[in-house]
Amino acid sequence: MSLKKSAFRKKVENADRNARWIITFGGYAIIVNIIAILLFLIYQSLPLSFGATIEKWLSIPSVENNQNILLTGIDPYLEVFYEIDENGIVRFYNIESKQNIKTSSLPLFENEKLLSSAKGSGLKELFSVGSDSGRIITANIEMRAVYTDSGRSIIPSLEIQEELQVSAVHDTVPNHIEKTGFTENEDGSRLWVWVDHTNALHLRVYDADMEEEYFYNLSDDINKEEVTALSLSQNAENLVISTSSKNVFWFDLSDLEEPIVKDRFLTDAIVTDVKYLLGDQAIVLAGENGSVSTWFPIRTPANLFKFRKVHDFESHAASVTQIWVSARNRNFLTVDKKGNAKLHYSTTGQTEVEFKAAEFPIKTGTFSPKSNAIFVLDSQNQFGLFKLENQHPETNLETLFSPVWYEGYSDAQFVWQSTGGSDEFEPKLSLIPLIFGTLKGTLFAMIFSIPLALLAAIYVSRFAPRNLARQIKPVVEIMAALPSVVIGFLAGLYFSPFFEKYLMVIILFVILLPLFFLVTMFFIQRIPDGIRSKMPAGVEILFTIPIGIITYLFAMTFSQGFENLLFDGNFQQWVYQVLNVTYETRNSIVVGFALGFAVIPIIFTVSEDALSNVPESLTSASLALGASPWQTVRRVVLPAASGGIFAAIMLGLGRAVGETMIVLMATGNTPILDLNPFNGFRAMSACIAVEIPEAPVGGTLYRVLFFTGLLLFIFTFVLNTLSSLIGDKLRKKYARF
């Protein structure tokens, strides 16, 4: 017998030990998984904090050419670069071998020299050069990648597209093209602007749609002031001219047959260079005092567009001589006459990197087509290639959490707009609208769910007959088993139109229901005690159904009259006219109802458990001292269960914050900062669900979405920790039994 007992005890101990190991392993596995998720979110978000870095890759001395070099460029794979000198010779070099692999030439006359040059496209090596013989030559350099068994090779070629002889001022002096601007837009229309040796400003337009050419002399439009810099926008609709009198003229070229001066403004210093940034909205102005600033047109109260300074960047110690802009983003590089260079980003308004680009003054340079390198040429004809690491220039803590002045906006604002209709779109990635939307949805959900869940928990735990309580609690808990996608589906496709159609009925129902209950309770109290004592316990719950039906019928009957009396017959129109608030079909009220429906089971279950666990000795003592059941609940039960109730509310809050499908399907996903209950919003969780499938892996949007997930993780972790700490403190304070 003792052997059997010993064997049985040993078996039980083994089972306990195995269970303890399994439970311990499960607990640690959960902790490890949570930590792994946290580390993964940090790993994906961390690159957003990396700043720009520039590293010198190689230097190539020019041994073949002592001429003045006007233009240079590089292929997207950083394998071949070219140079164009003043004699029109185009030399192509292999970067790895540093050897000349091909030489071509522009069709120049004998003794003809090139004086100016300009690139006409950010997507290809299309350029225009002006000579001292009054000629403008337009050509294109193609660097085609060819794949063979031996690998990839870049085959460069030069194509002359057009030669133009501009008219001479008089017969003895040829027209010198001192400054040149050139652009070709997506439609094929081309614009050339140049300044000759008499400082006359000319514009030539080729309209691809009409196949017409137009020539203009714009000297009178700028009061014949000396031109210091000029820039054409890539869409061929704008021209900016700076002059020696510190004036900047903005020409509107949208009507190619009639260019007009749209705006004119003064700067603090003579502008030495000006460039349009990607998107053709903002311009960069560099001054002779080393200043660098960005400007773009703002709509004035008179409905006119005027250029306004938006950002001032770190100034150079010497006069800025050149500005190079990226074709991929809003990065731009400014170079002063001492060879110092600074990398800036327009959206953030920050100077990212300062470096010494060359020992001698820089003559020309360019960004690589992918903006992953910078190519420079100094006055000694030495080339320098710098690797540029700048994966996420458009984001930092300020752009994520502070108002940002985006192109076209009248002031700095919080905006979330991650994508646009073109590659030139300026990403707007402020997280404030998403955080605000999350808190707004949570607020409306908690307003709807907390009273209902707590009152239901109090009724079930303290007033309902046990048989009825045993039936109600499982039914409410079944609500938690409903998939959130089903609730969101109903909210978006059924409740939203229903709320819009019967909005006044719902408002009247919510107002009248408590009143009808109070009236009913008043009459029930008037029933003689003898009759009431014979009524079975819990029968009062049956009154709720007819009261609800009567209230609904009453609201349906009188809603139109109520609306006619107070809101001129149309509540939504009245709200718009009086409060300037637009009613949207998918709004915060619908979300609050649907999200609250999902949160109620959590708050109800945990609260009911906390209320039911209050010892009967406490309630019995209170009742024995003459307190009514309601007084007992208020003065004894609720304080004793306050820790559990607080934890229940925090759990519900955490569920509301992290809910995705309901918010995704029931809101309009509009990232706006507005507490108006008739507007929608965009929550962080819904934003992640909507945008992560389309976000390029490793891109800025991709990492910002992971950072949003990290914020959600931290937010819910803090909520749960606070609920645990405060709940424990409340239990120690009120539940000393």
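Right above here is the structure, for reference.
Remember, predicted model here, so these are calculated numbers, not experimental data.

Participant: What am I meant to see in the overall build of the protein chain here?
Facilitator: Secondary structure summary: the protein chain contains 16 helices and 30 strands in total. Its C-alpha radius of gyration of 37 Å places the protein chain more than 25% over the 27 Å reference for a compact globule of 737 residues. Principal-axis analysis of the C-alpha atoms places the extent of the protein chain at approximately 125 × 85 × 45 Å. Counting across all 737 residues of the protein chain, residues that qualify as buried make up 47%. Residue pairs in contact within the protein chain that sit at least 24 positions apart in sequence constitute 57% of those at least 6 positions apart.

Participant: Would you mind going over the pairing of strand S13 (residues 212-217) with me for this structure?
Facilitator: Consecutive side chains of a regular strand alternate in pointing toward one face of the sheet and then the other. Taken together, the six bridges between strand S12 (residues 201-207) and S13 define a ladder with antiparallel strand orientation. Counterpart to Val205 in the pairing with S13 is Tyr214. Linking S12 back to S13 in an antiparallel pair, the connection comprises four residues, with Glu211 at a positive phi of about 55°.

Participant: Is there a simple way to explain the pattern of salt bridges in this structure?
Facilitator: If the charged atoms of two oppositely charged side chains come close together, the side chains can form a pair. Scanning all chains against the criterion turns up 23 salt bridges. Notably, a salt bridge pairs Glu112 with Arg135, separated by 3.0 Å at the nearest N-O pair. Here Glu112, found in the loop between strand S5 (99-105) and strand S6 (114-119), pairs with Arg135, found in strand S8 (residues 135-148); they are 23 residues apart in sequence, far enough to count as distant. We note that Glu112, like Arg135, is buried. As a salt-bridge pair, Lys306 and Asp263 come within 3.7 Å of each other at their nearest N and O atoms. One end of the pair, Lys306, is in strand S21 (residues 305-312); the other, Asp263, is in strand S17 (residues 260-266), with 43 residues separating them in the sequence.

Participant: Quick question: what am I supposed to make of the pairing of strand S9 (residues 151-165) here?
Facilitator: The pairing of S8 with S9 spans 14 bridges and is antiparallel. Across the sheet, the residue bridging to Tyr147 is Arg152, located in S9. Here S8 folds back onto S9, and the loop between the two strands holds two residues.

Participant: Explanation requested: the side chain of Asn679 in the structure shown.
Facilitator: With respect to the helices and strands, Asn679 occurs in the loop between helix H14 (661-666) and helix H15 (684-691). Non-local contacts of Asn679, meaning those with residues more than four positions away in its chain, are made with Lys440, Thr582, Glu584, Arg586, Asn587, Ser588, Ile672 and Asp674.

Participant: What should I look at first to understand the sheet that holds strand S22 (residues 320-325) in this one?
Facilitator: Pairing between sheet strands relies on hydrogen bonds along the backbone, with the strands arranged either parallel or antiparallel. Strand order in the open sheet formed by four strands is S22-S23-S24-S25, and the pairing between neighbours is antiparallel. In this open sheet, the two strands that pair with only one neighbour each are S22 and strand S25 (350-356). Averaged over all adjacent pairs, the angle separating strand axes in this sheet is 20°, with direction ignored. For strand S23 (residues 331-336) and strand S24 (residues 340-345), the ladder comprises five bridges, and the chain directions are antiparallel. Bridge pairing links Leu333 to Leu343 in S24.

Participant: I tried to follow the sheet that holds S6 on my own but got confused; where do I start?
Facilitator: Across the sheet, which stays open at both edges, the four strands sit in the order S6-S7-S8-S9 with antiparallel pairing between neighbours. Taken across any chain shown, the strands that pair with only one partner, and hence form the sheet edges, are S6 and S9. In this sheet, neighbouring strand axes are inclined to one another by 25° on average, regardless of whether the strands run parallel or antiparallel.

Participant: Explanation requested: empty space enclosed by the protein in the structure shown.
Facilitator: It is the rolling of a water-molecule-sized probe over the atoms that shows where space remains empty. Scanning all chains against the criterion turns up one cavity of 30 Å³ or more. For the largest cavity, the calculated volume is near 30 Å³. Split by residue class, the lining of the largest cavity holds three nonpolar, three polar and one charged.

Participant: I tried to follow the environment of Val193 on my own but got confused; where do I start?
Facilitator: Positionally, Val193 belongs in strand S11 (residues 190-196). Assessed through its relative accessible area of 0%, Val193 is described here as buried. Once residues within four sequence positions are removed from consideration, Val193 is found in contact with Lys179, Thr180, Gly181, Leu201, His202, Leu203, Leu230, Leu232 and Leu239.

Participant: Help me understand the packing of helix H3 (residues 432-463) against helix H12 (residues 629-640) in this model?
Facilitator: Two elements in contact, H3 and H12, have axes whose closest approach is 12 Å; the angle formed by their N-to-C orientations is 110°. One way to sum up the angle between H3 and H12 is to call them roughly perpendicular. Between H3, through Ile458, Arg462 and Phe463, and H12, the contact on the second element is made entirely by Pro629, Trp630, Val633, Val637 and Leu638.

Participant: Got a minute to help me understand helix H8 (residues 544-567) in this structure?
Facilitator: It helps to recall that an α-helix has 3.6 residues per turn; residues three or four apart then point in one direction. Between its first and last C-alpha atoms H8 spans 30 Å; for 24 residues at 1.5 Å apiece the expected length is 34 Å, and the helix comes up short by more than 12%. A bend of about 50° at Phe558 is the largest found in H8. Considered for burial, the residues of H8 that qualify are Ile547, Gly548, Thr551, Ala555, Ser559, Glu563 and Phe567. Looking at the residues trailing H8, positive phi occurs at Asp568, about 55°.

Participant: How do you make sense of a negative patch on the surface when you look at a structure like this?
Facilitator: Taken together, the side chains of Glu186, Asp187, Asp209, Asp423 and Glu424 present a region of like negative charge at the surface. Within the secondary structure layout, Asp209 lies in the loop between S12 and S13.

Participant: What am I meant to see in the environment of Gln417 here?
Facilitator: Position of Gln417 among the secondary structure elements: in strand S29 (residues 416-417). Residues Gln417 and Pro671, 254 residues apart in the sequence, show an inter-C-alpha distance of 8.2 Å. Non-local contacts of Gln417, meaning those with residues more than four positions away in its chain, are made with Tyr409, Phe425, Pro427 and Lys428.

Participant: What is the right way to look at the packing of aromatic side chains in this model?
Facilitator: In this description, an aromatic ring pair is defined by two values, namely the gap between the centres and the angle between the planes. Scanning all chains against the criterion turns up 34 aromatic pairs. Here the aromatic rings of Phe81 and Tyr93 are separated by 5.1 Å at their centres, their planes lie at 15°, and the arrangement is stacked. With Phe81 in strand S3 (residues 80-85) and Tyr93 in strand S4 (residues 89-94), this pair connects stretches of sequence that are 12 residues apart. Three or more aromatic residues joined by ring pairs make a cluster, and in this case those are Phe448, Tyr494, Phe495, Phe498, Phe499, Tyr502 and Phe593. Lying over the aromatic face of Trp57, Lys387 brings its terminal NZ or CZ to 4.7 Å of the ring centre. When the ring centre of Tyr406 is taken as reference, the NZ or CZ atom of Lys428 above it lies at 5.5 Å.

Participant: Quick question: what am I supposed to make of the packing of helix H5 (residues 484-501) against helix H10 (residues 588-612) here?
Facilitator: In a packed pair of helices, the relevant descriptors are the angle between the two axes and the axis-to-axis distance. H10 packs onto H5 with a crossing angle of 140° between their chain directions and a minimal axis gap of 10 Å. Considering the angle they form, H5 stands oblique to H10. Our pair here, H5 against H10, has a crossing hand that is right-handed. The segment H5 lies against H10, with Ile487, Ala491, Phe495, Ser496 and Phe499 engaging Ile589, Val590, Phe593, Ala594, Phe597 and Ala598. Residue composition of the contact of H5 with H10, by class: 10 nonpolar, one polar and no charged.

Participant: How should a nonpolar patch on the surface be read in this particular structure?
Facilitator: A cluster of nonpolar residues, Tyr28, Ile31, Ile35, Leu39, Ile42, Leu46 and Phe50, forms a patch on the protein surface that exposes about 710 Å² of accessible area. By the secondary structure assignment, Ile42 is in helix H1 (residues 2-45). Note on Ile42: relative accessible area 33%, which makes it partly exposed.

Conventions we followed
- Residues numbered from 1 in each chain as written.
- Predicted model: local features only at pLDDT ≥ 70, side-chain atom pairs only at ≥ 80, totals over all residues.
- Heavy atoms only, no water.
- Helix = DSSP H or I, 4+ residues; strand = E, 2+ residues; numbered from the N terminus.
- Rg over C-alpha atoms; globule rule 2.2 N^0.38 Å.
- Buried < 20%, exposed > 50% of the residue type's maximum accessible area, 1.4 Å probe, protein only.
- Contact = heavy atoms within 4.5 Å.
- Pairing = 2+ DSSP bridges.
- Salt bridge = Lys/Arg side-chain N within 4 Å of Asp/Glu carboxyl O.
- Axes fitted to C-alpha atoms, helices over the stretch in contact; angles between N-to-C directions.
- 1 Å grid on protein atoms, 1.4 Å probe; cavity = no way out; pocket = protein on both sides within 12 Å on 5 of 7 lines; lining within 4 Å.
- Points joined across faces, edges and corners; volume = space filled by probe spheres on them.
- Nonpolar A, V, L, I, M, F, W, Y, C, P; charged D, E, K, R; others polar.
- Parallel < 35°, antiparallel > 145°, perpendicular 65-115°, else oblique.
- Expected span 1.5 Å × (residues − 1).
- Bend = angle between axes of the 7 residues up to and from the residue.
- Patch = residues over 30% accessible without salt bridge, like charges linked within 9 Å, V, L, I, M, F, W, Y side chains within 5 Å.
- Areas by Shrake-Rupley, 256 points an atom, 1.4 Å probe, with all protein chains shown as cover.
- Lys, Arg positive; Asp, Glu negative; His and termini not counted.
- Charge placed at Lys NZ, Arg CZ, Asp CG, Glu CD.
- Phe/Tyr/Trp six-rings, centres within 6.5 Å; stacked < 30°, edge-to-face > 60°.
- Lys NZ or Arg CZ within 6 Å of the ring centre and 35° of its normal.
- Left-handed = near helix turned anticlockwise from the far one by under 90°.

Coordinates in, geometry out; function isn't part of it.
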